[in-house]
Each structure stands twice: as structure tokens, then as C-alpha cells.
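# Examination of the molecular architecture
The lines below spell out each chain.
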Amino acid sequence: MVMSKKWSTAIILVLLTALITACGSSSNKTTPSDNSGQQTETSAPKDGGNLIIGVGADPVILNPNYAGDRVSLTIDQSLYAPLFQVNNGKKTYYLADSLTASEDSMTYTLKLKSGLTWHDGQPLTADDVVFTINSILDEKQNSMFRGNLMIGGKPIEAKKIDDLTVEFKMPQAAPAFEATLVQLTPIPKHIFENEANIEKSTKNNTPVGSGPFKFKEYKTGEYVTLERFDNYFGGKPHLDSVTYRIAKDTNAANLALQNGELNINYVSPQDAPTIQGTGNFDLMPYSEGRLSYILINEKSDLGVLNKKEVRQALGYALNREELITAAYLSPEYADPAHSFLTPDTLFHTNDVATFDNDAAKAKELFQQAGVTKLRFVVKSGDKTQESIALYVQQKLKEVGVAVEIQSIDASALNSKVYGGTSTDFDLTVAGYIMGFDPDAYSILFTTDNSSNYSHYSNKQVDELFQKGAGEADAAKRGELYTQAQQLVAEDAAIYPIAYTKTIVAVDKRYGGVEEAVLKPVVIFEDLSKIYLK
Amino acid sequence: MRQLIVKRLAQTIPMLFFVSIVCFAMIKLAPGDPVMSFVTPNMHAEDIERIRHSLGLDQPAYVQYVQWLKQLLSGNLGYSLINHQPVLDQIIDRLPATAGLMACAIGLAVILAIPLGLVAGANRNRWSDKLINLVTYIGISVPLFWLAILLIYLFAIKLHWLPSMGMRTIGVNSAADVLKHGILPCFVLAFGFLAVYVRYIRSSTIGQLREEYVLIQKAFGSSRYTILFRHVLKHVLLPIITLLGMSMGDLVTGAIVTETVFTWPGIGSLGMTAVRGMDYPVLMGITLFSSVLLILGNLLADIAYSFADPRIKTMR
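For clarity, every value in this text was computed on a predicted model and none was experimentally measured.

## Some remarks on the packing of aromatic side chains
- Within this structure, the stated rule accounts for 20 aromatic pairs over all chains.
- Centre to centre, the rings of Tyr 316 of chain A and Phe 355 of chain A are 5.5 Å apart; their planes meet at 75 degrees, and the pair counts as edge-to-face. Separated by 39 residues along the polypeptide, Tyr 316 of chain A in helix 8 (residues 308–317) and Phe 355 of chain A in the loop between strand 15 (334–336) and helix 10 (359–369) bring together distant segments of the chain. Each member of the pair Tyr 316 of chain A and Phe 355 of chain A is classed as buried.
- Feature note: the residues Tyr 293, Phe 340, Phe 347, Tyr 432, Tyr 441, Phe 445, Phe 465 and Tyr 481 of chain A constitute an aromatic cluster, connected by ring pairs.
- Between Lys 91 of chain A and the ring centre of Phe 84 of chain A, over which it is positioned, the NZ or CZ distance is 5.6 Å.
- The ring of Tyr 79 of chain B has Lys 200 of chain A sitting right over it, with the charged end atom 5.4 Å from the ring centre.

## With respect to the packing of helix 6 (residues 250–258) of chain A against helix 6 (residues 144–158) of chain B
- Between helix 6 of chain A and helix 6 of chain B, the shortest axis-to-axis distance is 10 Å and the interhelical angle comes to 5 degrees. Taken as axis vectors, helix 6 of chain A and helix 6 of chain B run roughly parallel relative to one another. The segment helix 6 of chain A lies against helix 6 of chain B, with Asn 251, Ala 252, Leu 255 and Gln 258 of chain A engaging Ile 149, Ile 152, Tyr 153 and Ile 157 of chain B.
- Across the contact of helix 6 of chain A with helix 6 of chain B, the residue classes tally to six nonpolar, two polar and no charged.

## Observations concerning the sheet that holds strand 9 (residues 165–169) of chain A
Residues and elements named next belong to chain A.
- Strand order in this open sheet of four strands is 4-5-9-8, and the pairing throughout is antiparallel. Each edge of the open sheet carries a strand with a single partner, namely strand 4 (96–101) and strand 8 (157–162). For this sheet, the mean inter-axis angle between neighbouring strands, taken without regard to orientation, is 20 degrees.
- In this structure, strand 8 lies alongside strand 9, joined through five bridges in antiparallel fashion. Following the sheet pairing, Asp 162 is matched in strand 9 by Thr 165.
- With respect to the sheet, helix 3 (residues 126–137) is in contact with strand 5 (107–112), strand 8 and strand 9, its orientation differing from that of strand 8 by roughly 170 degrees.

## Considerations on the interface of chain A and chain B
- The interface is formed by 65 residues belonging to chain A together with 55 residues belonging to chain B.
- Summing both partners gives a buried area of about 5,300 Å² for chain A against chain B, and 60% of it is carried by carbon and sulfur.
- Linking chain A with chain B are two salt bridges.
- Residue Glu 222 of chain A is joined to Arg 168 of chain B by a salt bridge in which the shortest nitrogen-to-oxygen separation is 3.0 Å.
- Counting across the interface, chain A meets chain B through 16 residue pairs in polar contact (both at pLDDT 80 or more).
- Contributing elements (two or more residues each) for the side of chain A that touches chain B: helix 1 (2–26), strand 1 (50–55), strand 11 (223–228), strand 12 (241–246), helix 6, helix 12 (410–418), strand 18 (427–433) and helix 13 (442–445) of chain A.

## Description of the confidence of the model for chain B
- Averaged over every residue, the pLDDT of chain B is 86; the share at 70 or more is 97%.
- Confidence estimates for the predicted assembly give a pTM of 0.84 and an ipTM of 0.81.

## Some remarks on the environment of Ser 451 of chain A
- Mapped onto the secondary structure, Ser 451 of chain A falls in the loop between helix 13 and helix 14 (459–470).
- Overall, the relative accessible area of 1% leaves Ser 451 of chain A in the buried class.
- If we ignore the near neighbours within four places in the chain, the residues touching Ser 451 of chain A are Ile 443 and Leu 444 of chain A together with Thr 40, Pro 41 and Met 43 of chain B.

## Considerations on the packing of helix 14 of chain A against helix 15 (residues 474–490) of chain A
Residue and element names in this part refer to chain A.
- Contact geometry for helix 14 and helix 15: axes closest at 9 Å, N-to-C directions at 155 degrees. Accordingly, the angle class assigned to the pair helix 14 and helix 15 is roughly antiparallel. Here the hand of the crossing between helix 14 and helix 15 comes out left-handed. Where helix 14 abuts helix 15, its residues Gln 460, Val 461, Leu 464, Phe 465, Lys 467, Gly 468 and Ala 469 lie against Arg 477, Leu 480, Tyr 481, Gln 483, Ala 484, Leu 487 and Val 488.

## Some thoughts on the pattern of salt bridges
- Summed over the entire model, instances satisfying the criterion amount to 31 salt bridges over all chains.
- The structure contains a network of salt bridges with shared partners spanning Asp 58 and Lys 248 of chain A together with Arg 94 of chain B.

## So, the pairing of strand 17 (residues 402–408) of chain A
Residues and elements named next belong to chain A.
- Alignment of strand 16 (residues 373–379) against strand 17, held across seven bridges, turns out to be parallel. Residue pairing for strand 17: Val 377 is matched across the bridge by Gln 406.
- The β-α-β motif built from strand 16, the intervening helix 11 (residues 383–398) and the parallel element strand 17 has right-handed crossover chirality.

## Here's the deal with the environment of Lys 416 of chain A
Residues and elements named next belong to chain A.
- Note on placement: Lys 416 falls in helix 12.
- Judged by relative accessible area, Lys 416 falls into the buried class, the value being 16%.
- Each C-alpha atom, one on Lys 416 and one on Phe 281, is 40 Å from the other, the two residues being 135 residues apart in sequence.
- Sequence-distant contacts of Lys 416, defined by excluding residues within four places in its chain, comprise Val 377, Ile 408, Ser 422, Asp 424 and Phe 425.

## Examining a nonpolar patch on the surface
Residue and element names in this part refer to chain B.
- A contiguous nonpolar surface patch, about 320 Å² in accessible area, is contributed by Phe 18, Val 22 and Met 26.
- With respect to the helices and strands, Phe 18 occurs in helix 1 (residues 2–29).
- Judged by relative accessible area, Phe 18 falls into the exposed class, the value being 56%.

Cut-offs applied
- Residues numbered from 1 in each chain as written.
- Chains lettered and ligands numbered in written order.
- Predicted model: local features only at pLDDT ≥ 70, side-chain atom pairs only at ≥ 80, totals over all residues.
- Heavy atoms only, no water.
- Phe/Tyr/Trp six-rings, centres within 6.5 Å; stacked < 30°, edge-to-face > 60°.
- Helix = DSSP H or I, 4+ residues; strand = E, 2+ residues; numbered from the N terminus.
- Buried < 20%, exposed > 50% of the residue type's maximum accessible area, 1.4 Å probe, protein only.
- Lys NZ or Arg CZ within 6 Å of the ring centre and 35° of its normal.
- Axes fitted to C-alpha atoms, helices over the stretch in contact; angles between N-to-C directions.
- Parallel < 35°, antiparallel > 145°, perpendicular 65-115°, else oblique.
- Contact = heavy atoms within 4.5 Å.
- Nonpolar A, V, L, I, M, F, W, Y, C, P; charged D, E, K, R; others polar.
- Pairing = 2+ DSSP bridges.
- Buried area = accessible area lost by both parts, 1.4 Å probe.
- Salt bridge = Lys/Arg side-chain N within 4 Å of Asp/Glu carboxyl O.
- Polar contact = N/O pair within 3.5 Å; in protein donor to acceptor, adjacent residues only side chain to side chain.
- pLDDT = per-residue confidence, 0-100.
- Left-handed = near helix turned anticlockwise from the far one by under 90°.
- Right-handed = clockwise from strand over helix to strand, strands pointing away.
- Patch = residues over 30% accessible without salt bridge, like charges linked within 9 Å, V, L, I, M, F, W, Y side chains within 5 Å.
- Areas by Shrake-Rupley, 256 points an atom, 1.4 Å probe, with all protein chains shown as cover.

Structure follows, in C-alpha cells:
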């Protein structure tokens, strides 16, 4: 009786699935609904329309001084105009008209465009820039970017020269300051100047920015809608409004994309063929300036991962191209990485030492060090991390090393890997986006620095980073960072896998994507250029 | 009756205190660090430590609990560690979406479960019973997120009858639009509840049909329909009241997975975000809210018992 019930349940399930699949295949012939992304033949820019962009969570805070999550940064990009942007080596000025550095890199002068206004019509001036810098530096205001404005333990100084000019004084030569300033976005002084705690201010719930779109409505858990800002200094945006629709479940987001309820969304390599198959979207893979790598914990209680020969052995056991295919399905979505600097970073070179494809050498080095087992922690449910770990497990088995894969939830993994004290794991998959100046990477590779999650230490590398940070001469800086890349690669401090790409699906009815410029983390640099065809 | 209510309400306070301690301990014992959920590689150590300090997370766990309790006693559920918004505001903001959805789902499940359970119980081991049993087995065994995805695929992607996500169409603010968005999540949740309710009602019906009053009604020549829906139904109501009382807690937290899949802006999806970020003030707030409703639900069920079956009141 019990068996028959189980069988009946199984049969019904199969029938249910078959019915739905049958409905699916039969309805393939139906025409898409009005909002499902039909192609139009005209492509001339026209004004009007709404764009719906899918985001994976609620924004944490709509204030660029405190936003660190991808969703807030994406929305802030449309709400708040930056001073300038650097994308793939190309600098574009937005609020700023120019930025000039003194020869000794001790003073930077920023000129603002004239006639700038905030969304509420108030003028945007040097006062706002100085206020923004000072509020970040104010410890009581608790901005997570304060450390970026401290150079050699001392704060930078921002001084208003006139309404359109700000002078930044460095406590010491700081050739990387431009890469710090590019991350800063002015916030309005007239809104926040009397706030004791800007982070917790209710004024963040109705943000007043200077970007192409102004705040209209936020329904928690549902969407954030912005509407066109007609006085945008870069010209009136084409679209009437932009809505960031929250879709927390990836499967549901993909279905919403197919149903035309989203016009733009990130897509994983695994889902790309399905979305492409609808014929309604252009898939755009683009570099995020991100390195994906295998993190090797030198603090591991195995006691051997601090030997570079063992770390090199890991590289010898693997084949980077195979690994990329296993993890990212296609080389189209990831470029093989050798250097810790990403290709968009100044002085990047991929011409550094690599340890690949030599199983015999790997076996010999592992045997010499007595390594027979390694623990690989991955974030549970993360298909890419799991694929990488499985590949490593298979390849290391061939050289006599057993890999135990430990799948743990994101919070536990973050605490274990990035907490800095765990000795009970050996390998994991990590990644970073650090910006275009190599100085930013010192936090990852210099001895005992806070984000040096591998616990790598090489005095020469420390020295090179230190010199690079204060070297005003670009050619000399280049030499220093090239040497640093060589040393880190020779030490096999990490196993760089790939400079990964992000895939964005864009509804074919929308144009101006090239002018809007695809940008790491925030999708588009300037959404004012997007239009409905 | 008044005595019962006062006594039960007085019991609520130590119960909630116990729930809060267990909940807090479980969050703190779980591996992970809330600060690490928003740390990025380019953040400096001093910034991370300052944030930890500002959130009070550098204090020992018991100090954090006492501080949270002090806030609670002054009517404040604290602030989210992630977005720094008041927890109470966030819960109240999202409560209508979840409560509305769950009330519809539970209501639909009860309306369908009563006749199905009665029919199944009265026709034990006949084809109608087997068919209803099959539906309940499917309801119990099928993961709701899977059913949700399947229904979205069918009704939104292929047939274009219903929206796949959210609670409303952007720019549209009508009750009809919300109802349209609620159909799929409501059905998915109702299907899960229905399976449980039908099983209870069926077994209760089988038990009741053996009672003497049923035999007497048969002897008087009452029709099957009259016996079932006039006499047996009254007795079968008791387990339903119990189930409904216990479902009160679900009004707040019962739809975590379904809300996430359908992007329904309720407390379930708020809770999911809080779990991922180890946002303990939000988790504590949701747990307490849910516990209060569960306790009140049970109290209401007890009161309803005395109306449904006056003998119970006498026994007390």
C-alpha cells in the first residue's frame, strides 16, 4: 500500500511535469506579450519610456559616502554624478572640468563645471566637495571610506579656492590620489550639514543628487524608481524614468527577464543560452576589472603552505584553460590571468612567471613537502566555486593529494576566510575589484595588511609597494609595480585563475548602450544616454 | 474566561523572554560575523573596526543582549545592522504584504480542506479518498519553491496570464493589480497548507463517524450529507481551530521561500536578507513578532474552543 502511494505520487509528478512541458512547447508558437521585448526596426534615439533594471537586493543606503554594496552603488550611479570616471584607462569628466596634479604629487587642483545644480535646484559648488571630504574624514560620521583619505596615517586636506575650485593637499607625495578621488561622489552640503549622524539620517530615504535621474519612489522589497532630471549637466536624459526592480531569486529574475518584466539584468554563463534563445536580448559580456583566484592560506595548520614550492606545486598540478572552462563554461567569459593586477590597472603585465601543466613536477614538490591532503572551502550554492573546487580535487588526486571540499554558508565562509585568524582551511576561491591604481593592491599583498587574506609576506614586495605609493615619476612607478607583479607571481602567493567578465542582458528595444558605457559593478556609467528605439 | 485570558497573557512575558534568549544564542552561536558581510577588500582595518564598534559588535554577546533588551523595554526593537533603519518600522512596513498573502492562503486552504477532508474521511479507501490523499501527498512532498518556479514558467512565461514577480506593476496602484500578482504565491502557499489541513480533517472525520451520535442520526434516517455537514463538521472544527491558532505565527514568517521566489515584499524576504547578513536585531524582531502572534493565536484558539464545544469550558 505504501509502495503504491509512493508510485502514484511519482507518476502524478511526472505527469504534472510532462503537462507543463507540453504546454510550454505548444505555446512556443504564441507571440510574445506587448512588453516582452519585441524588436523594433527603428533605432533613432527618441525621448520617453521607462527602463526596468533587475537588482538582487534592496539597496542598503542611497548615499554614496556609505554605499558599499553593488545595488546601492548601481542606483547611486544614476542619482549622484561623480566628479570623473576612469573606465578601461579612459578618463571622462562629469562634475569636474579638470583635475591637475602638481609635479611632486603633493597638491591636486579640481575645477568644477559651472552652472551645476542639485536635483532640488540648489547650486553644486566647491563647498559641497569640501563638505563631502570632511564628512568622510570625520570619525563620528563613520564612513567606510575614511581610510582611503588617510595617507601615511594622516588625512588629506580639502580647501575651497573659489566656488568652482578645490585644492587637495596631500600629507606626502600621493600619485595614487586620482584613483581615490574617482571613487568619491559629492553629497549636498545644504541637505546634510547639520546632521549629527549622516549614515542614519532619514534624509537618505529621499536622496537629493546631481545625476541624470532624480529620486521618485522606493517601495521596500519591490523597486526604486527614479525620474528624469531635466537640468542634468550632461544633457537631458532620453528616458522618462528608470526603475530598479528587486529580484532576489536568480531563477525568478531570469523568468522575469524572459517575461519582459525586466529589461536589463545580470545573467550567469549557465543561463546565457536560455536568455539568448528568446531573441529579445543582446548579451553583453564585459570586463569588470576583477580577478578570480585560488586563495592559499599560508596560516593553515598544515604548516607547509608558507613554502612557495608547495604553492607552486598547486599551479603545476592545474591547467588554467581547463579550469576556466570548468568554472565559466566558455573562455568568452573569462580571460586567463597570471598577474595579480587586472588588465585595466596601470602597469599591468601578464608576462610573469606561471606554474602550469606539469603533473610530475607537482607530484615531486608535494611529496617533498609531505602534502597528502588539502581542505578546500567553498560557499555553498555557489556553482562557480563548487566547479573550481571539484576540478582542483580531480587534478590534485592525479598527483597524490586528496582534496576535502567543505561547503559552508556565506556568513561562515566570510568569517573563516576574511576574519584573518582561521588556520583550519587551506584553499578557497576569492576575487577582488580594486580600481585602476596598483597602490590599492598593497592592502592585499603587503605583510600583515588587513585584506592580506593569504597572509603572504615578502619584504621586497612590501618595499616595492611602499616606494610605488610615493613615486611621482610614472616610468619609475611602472618599474616598481612590474617588479612587484613578478615577485608575487614567482612566490605563487595566489593562483590567479581569470580576469572574469560579467554578462548583462539588454532588451533589444533599448539603444545607446555604447554611449552609456558598460562599467564594472554599476552596469552603466551614464544612464542618460540610454533610449527607447 | 477573563481569568484564563489574564493568566495566559501573563505567561506570555516569560515565554517571550525565553524565546529571545534562545533566538539570540542561536544567532550568536552560528558561525559568521555580521561585519564581514559588508566588508570589501579595499576597506582598511581601522574602518572595519570603527564600524564594528559603532554597531556595538565589539562588546561581549551578553552585553549586546542586555542592550537589546533595554531597548526593547523602552519600546524600541533596535536598528538593522545592515541598513540602520528601525526594525519595528521595517516589520510594520512589510507586515501587510505577508499577512494579506498568508491570510488569503490559509483561508483558501481551509475553504477547500473542509469539504475535501470530510469527503475523504467519509469515503475511506474509496477512489475519491485515494484521489484526495494523492493530492495531499503531493502537497506535502513537493518543495514549494519548485512548484512556484513551475507555475511561473507555465502561467507567466508560456501563457502570459499572470505576472511572474512582485506585488504590483510599476506605476499601477490598484487592488486588482495586487490581487493579480498575489494569485500564484497564494496558490502555492495554500497548496502547502491544504495538504496538512485535509489530513487532519480526514482523520478527525473517520474518528467522528464511529461516534454514537452518528449512529443515532443514521437510525433517525438523516441523509449522509446532513450527517457530515451538519453534525460531524461541528466536531471536526476543533482540530481546524487548533491548526488556525498555530498558523498565526505563520502570518509573519510562513512564506520565507515563497516570498523570495515571487519577490513578494513581505517579512519573509526581509528575514531572508537578515539571515544572510546575520542582522540579529531584525531577526530578533521578526522572531518576537511571530512568537507574540503564535501565543495570541493559541489563546484565541482556546477561547474559540469554548464556543465551538461548550463542554470544554465546563471542564476548565
